[in-house]
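Single-letter residue listing:
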Amino acid sequence: MDLIFKSLINHVSKESGIDLKQYRENYLKRRIKLRMKILGMQSLNEYFRFLRSNGKEEINKLINTITINVTEFMRDKTPFEFFMRHVLPDIANKKKKVRSNIVRFWSAGCSCGEEPYSIAICALETLGKGWIISIYATDIDDACLEMAKEGFYRQSQLRNLNRYLINKYFEKEDDGYRVKNFLKRLVRFKWHDLTTDEPVSKYLDAVFCRNVMIYFSESQKIKVVNDFYNALVDGGYLIIGKSETLPAGFKDKFECISLREKVYKKITGFH
């Protein structure tokens, strides 16, 4: 099985342009088995034949199964509350000192858009008028990026938002809610593979990468966190998932601001 598994992974990596070899092997095997179960297949050999004969379509479906997306607005409310209470005021104070009104964020592994739109809502609610807010939102799942651009969500996905915020930032439609255009304009969605691509931008004030690195190997994590370090301004913030940790070797690059919320600050002047 291992030879077929390796051949399958090599094939999908080559055809999709996404390097799957750095994902943990057990995780990949579980996700492939899930895809086989959906198709009613028992043997990996049979699935590999099916994958090759169905080309791009099945490869995309497998990629989407591997990069699973389960999310909602303000998922785990407390990191967003911490972002509003502590992170954004600190960023705003630093900007005022240099007479800047531009704030820039990156939602890395943005899934279907709930996180970047949540960041935008937090920024608008905390900073008020007169700020230029720019948010990069990236993922490797094309279907999710399309949903994110649409900005349409079921009521259950908005359960962490109060009625005031829903009315302010969403239009009610028959079977759900759509993000209002003024909010959409703050977010730029883009396909991006964290494990192989360069950072989307430099001079970012905060990077959110929550519940993404749990799927990565140690070498992948090091590459990704190093990219975040280089993409952030001095004193910029990195916010990761509650079950995640920074790889060894980053203690002198990031100061832990909140262990509970997994908020880290880039240490100024480290080279």
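One can find the structure itself at the top, above this paragraph.
Residues numbered from 1 in each chain as written. Predicted model: local features only at pLDDT ≥ 70, side-chain atom pairs only at ≥ 80, totals over all residues. Heavy atoms only, no water.

A. A look at the sheet that holds strand β3 (residues 152-153). Strand order across the open sheet formed by three strands is β3-β5-β4, with antiparallel pairing between neighbours. In the strand order of this sheet, the two ends are held by β3 and β4 (170-173), each with one partner. Alignment of β3 against strand β5 (residues 176-179), held across two bridges, turns out to be antiparallel. Paired with Tyr153 across the strands is Tyr177, a residue of β5. (Pairing = 2+ DSSP bridges. Helix = DSSP H or I, 4+ residues; strand = E, 2+ residues; numbered from the N terminus.)

B. Spatial organisation of unusual backbone geometry. Here the phi dihedral of Arg99 falls at roughly 55 degrees; this positive angle occurs in a residue that is not glycine. Assignment of secondary structure puts Arg99 in the loop between α4 (77-97) and β1 (102-108).

C. Spotlight on the packing of aromatic side chains. This model, assessed by the stated rule, comprises 10 aromatic pairs. The interplanar angle of 85 degrees and the centroid separation of 4.9 Å between the aromatic rings of Phe83 and Phe208 together place this pair among those described as edge-to-face. Here Phe83 is found in helix α4, whereas its partner Phe208 is found in strand β7 (residues 204-209), with 125 residues between them in sequence. Phe83 sits in the buried class, given a relative accessible area of 0%. Residue Phe208 is classed as buried on the basis of its relative accessible area of 0%. Ring plane angle 85 degrees and centroid distance 5.3 Å describe the contact between Trp106 and Phe228, whose orientation is recorded as edge-to-face. (Phe/Tyr/Trp six-rings, centres within 6.5 Å; stacked < 30°, edge-to-face > 60°. Buried < 20%, exposed > 50% of the residue type's maximum accessible area, 1.4 Å probe, protein only.)

D. Spotlight on the sheet that holds strand β8 (residues 232-240). The strand order across the open sheet formed by seven strands is β6-β2-β1-β7-β8-β10-β9, and the pairing between neighbours is mixed. The open sheet has two edge strands with one neighbour each: β6 (187-191) and β9 (254-258). Taking each pair of neighbouring strands and ignoring which way they run, the sheet shows an average axis angle of 20 degrees. Pairing of β9 with strand β10 (residues 263-266), which is carried by four bridges, proceeds in the antiparallel orientation. If you follow Phe254 over to β10, its bridge partner there is Lys266. Of the strands in this sheet, β2 (132-139) and β6 are in contact with helix α6 (residues 142-150), which crosses β6 at around 165 degrees. (Axes fitted to C-alpha atoms, helices over the stretch in contact; angles between N-to-C directions. Contact = heavy atoms within 4.5 Å.)

E. Main features of the pattern of salt bridges. Inspection of the entire model under this criterion finds 17 salt bridges. Between Glu150 and Arg178 there is a salt bridge whose closest N-O contact spans 3.2 Å. With a gap of 28 residues between them, Glu150 in helix α6 and Arg178 in strand β5 connect regions that are remote in the sequence. Residue Arg178 is classed as partly exposed on the basis of its relative accessible area, which comes to 22%. Glu173 is the partner of Arg178 in a salt bridge, and the nearest nitrogen-oxygen pair spans 2.7 Å. Through salt bridges with shared partners, a single network forms among Asp2, Glu25 and Lys29. (Salt bridge = Lys/Arg side-chain N within 4 Å of Asp/Glu carboxyl O.)

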